[in-house]
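One-letter residues, chain by chain:
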Amino acid sequence: MLSDLSAEDAKLVTLARATRARTRAAEGAAVRDTDGRTYAACTVALDTVELTALQLAVAMALSSGVKGLEAAAVVTDAGSADVNVVRHFAGANIPVVLADGTGEVRDVRHT
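Presented here is an overview of the structure given in this document. In this text the structure is predicted, and so the values were computed from the model without any measurement. (Residues numbered from 1 in each chain as written. Predicted model: local features only at pLDDT ≥ 70, side-chain atom pairs only at ≥ 80, totals over all residues. Heavy atoms only, no water.)

## Quick word on the pattern of salt bridges
Moving on, step 1. If you walk through the whole model with that rule in mind, you get 5 salt bridges.
Moving on, step 2. Across the pair Arg 32 and Glu 70 runs a salt bridge whose closest N-O atoms are separated by 2.6 Å. Taken as a pair, Arg 32 in strand S1 (residues 27-33) and Glu 70 in strand S5 (residues 69-76) lie far apart in primary sequence, 38 residues in all.
Moving on, step 3. What makes Glu 70 partly exposed here is its relative accessible area of 35%. (Salt bridge = Lys/Arg side-chain N within 4 Å of Asp/Glu carboxyl O. Helix = DSSP H or I, 4+ residues; strand = E, 2+ residues; numbered from the N terminus. Buried < 20%, exposed > 50% of the residue type's maximum accessible area, 1.4 Å probe, protein only.)

Shown next, in the form of structure tokens:
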């Protein structure tokens with residue numbers, strides 16, 4: 001449940017939900033860097049490019065010069081989300097909150 005999360009992790013879910021709703025995308029994601037800044041993104045599904053929301057959020061953080069991540073959230077109606085991009089960039093034991101479109105937390109996975 002969202003209320004079981006820290007305030008900062010709940011903020012990531014809220015940002016991911018808002019991004020998904022605003023763009024009507026399949027997924028929304030948000031990441032928090034080691035300085036506390038957040039980056040939110042949605043799924044990109046074009047004929048020539050497909051990125052998950054989490055891949056794009058990590059790419060946005062990287063393009064801003066981020067050196068590491070401390071948490072992430074993905075809002076999707078799919079049963080799961082691929083967290084490999086977080087693992088590859090930020091390493092092991094980074095929490096990734098998985099929530100549905102209502103913000104109900106289904107799982108917290110660690111990379």
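That was the structure; now back to the text.
## Overview of the nonpolar core
Moving on, step 1. Ranked by size, the top nonpolar core spans 19 residues in total, and within it Val 31, Leu 54, Leu 69, Val 74, Val 86 and Val 96 carry the most contacts.
Moving on, step 2. Within the residue set of this core, elements represented by two or more residues are S1, strand S2 (38-42), helix H2 (53-63), S5 and strand S6 (95-99).
Moving on, step 3. The greatest single-element share of this core, amounting to 5 residues, is contributed by H2.
Moving on, step 4. Ignoring any residue separated from it by four or fewer positions in sequence, one finds Val 31 in contact with Leu 12, Arg 37, Thr 38, Tyr 39, Leu 54, Ala 57, Val 58, Ala 61, Leu 69, Ala 71 and Ala 72.
Moving on, step 5. Counting residues in each nonpolar core, the second largest holds 12 residues, with Val 13, Ala 71, Ala 99 and Val 105 among its members. (Core = buried A, V, L, I, M, F, W, Y, C linked by side-chain atoms within 4.5 Å. Contact = heavy atoms within 4.5 Å.)

## Remarks on the environment of Ala 99
Moving on, step 1. Take Ala 99: it is sitting in strand S6.
Moving on, step 2. A C-alpha to C-alpha distance of 19 Å links Ala 99 and Arg 87, two positions 12 residues apart in sequence.
Moving on, step 3. Not counting residues up to four positions away in its chain, the partners in contact with Ala 99 are Val 13, Val 74, Val 75, Thr 76, Glu 104, Val 105 and Arg 106.

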